[in-house]
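# Examining the three-dimensional arrangement
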Amino acid sequence: NCGCSYDPSGDNTFISENLFNNDNLVELAISYITTSTPYQSTLVIFNEVGIIIDSISNAQGISVHDVGNNTFKAIVGVYSGGYSVYSLPGTIPCSICGGGLGVAKLTNNSNGGDLANPIPNPNSGVVKLGYTLPLGVTQGTITVYNTNGQAIKTYQVTNTFEYIIIDNAELPSGIYYYTLTASNMLPTVKKMVVIK
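Position labels on residues start from 1 in each chain and follow its written sequence. Owing to the predicted nature of the model, reporting of local features is limited to residues with pLDDT of at least 70; listing and counting of side-chain atom pairs is limited to 80 or more, with chain, interface and lining totals taken over all residues. Side-chain calculation: all heavy atoms of the structure are included, whereas hydrogens and water are not.

### Overview of the sheet that holds strand β8 (residues 83-87)
Definition in use: Strands pair, by our definition, only if DSSP identifies at least two bridges between them. Strands here are runs of E lasting at least two residues and helices are runs of H or I lasting at least four, both read from the DSSP assignment and numbered beginning at the N terminus. Helix axes use the C-alpha atoms of the stretch in contact, all axes being lines fitted to C-alpha atoms, and the angles between their N-to-C directions lie in the range 0 to 180 degrees.
Ordered by their spatial adjacency, three strands build an open sheet running β6-β7-β8, and the pairing between neighbours is antiparallel. The strands lining the two open edges of the sheet, one partner per strand, are β6 (59-68) and β8. Taken over all neighbouring pairs, the strand axes of this sheet differ in orientation by 25° on average, direction set aside. In the sheet, strand β7 (residues 71-78) pairs with β8 via five bridges, with the strands oriented antiparallel.

### Some remarks on unusual backbone geometry
The bulk of non-glycine residues show a negative phi, and the bulk of peptide bonds are trans. A cis amide bond links Ile119 with the next residue in sequence, Pro120, at an omega value of -5°. Look at Asn58: it is not a glycine, yet its phi comes out positive at around 60°. Topologically, Asn58 is positioned in the loop between β5 (52-57) and β6.

### Remarks on the nonpolar core
Note the following rule: Nine residue types can take part in a nonpolar core, namely buried Ala, Val, Leu, Ile, Met, Phe, Trp, Tyr and Cys, and a core is a set of them joined through side-chain atoms within 4.5 Å. Here's how the labels work: a residue is buried when its accessible area is under 20% of the maximum for its type, exposed when over 50%, partly exposed in between, all with a 1.4 Å probe on protein chains only.
Among the nonpolar cores identified, the biggest contains 19 residues, and Leu129, Tyr131, Ile142 and Leu180 are the most heavily contacted of them. Listed in part, the 13 residues of the second largest apolar core include Ala29, Ile45, Ala74 and Val76.

### Details of a nonpolar patch on the surface
Our working rule: Each patch groups residues whose relative accessible area exceeds 30% and which form no salt bridge, using 9 Å between like charges and 5 Å between nonpolar side chains of Val, Leu, Ile, Met, Phe, Trp and Tyr. For accessible areas, the Shrake-Rupley method is used with a probe of radius 1.4 Å. Any residue's cover is judged against the shown protein chains and nothing else. Counted as salt bridges are all cases of a side-chain nitrogen of Lys or Arg within 4 Å of a carboxyl oxygen of Asp or Glu.
Taken together, the side chains of Val126, Tyr163 and Ile165 define a hydrophobic patch exposed on the protein surface, amounting to about 290 Å² of accessible area. Position of Tyr163 among the secondary structure elements: in strand β14 (residues 163-167). Looking at Tyr163, the relative accessible area reads 40%, which means it is partly exposed.

Here's what the structure looks like:
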């Protein structure tokens, strides 16, 4: 327990792969403020196994921008005012995973919409994708993308069920992303690994 609270201002959380570094682990950047005096704001970037990649003090929010030639910059707000610009070492192979940037901003779909991790993951054939549509929404779409952002499969889902079973036996080995889209819900992105 760090005595921390989530920073409610700005763009505070991003998930990516191969952007903040060049390994194959998913990275999370999150901004928070300590709740004890004196208040301190920090942006921490860590990977899916919990190793901290970088930590920036006095930071408030982060935004990522494609500046051309597959080069990306992070703009980090400074809590006392202004901002800092950082060059990012990696690239974003999947443009669908976050509105064209390949970065998914974490959101709180407080109206109930959510997408679960695939079971099993990695998988070599049949996989279960759990989901919840927002309250009052009866239909949605789950779309599977490859790392080039190309839609591979699309499934219409309803609020009658809480999951779908799909067969990935025809897909080549590799990393795939899938999204749940529905009205009154920001798209949710998850990662799936297919092995043979």
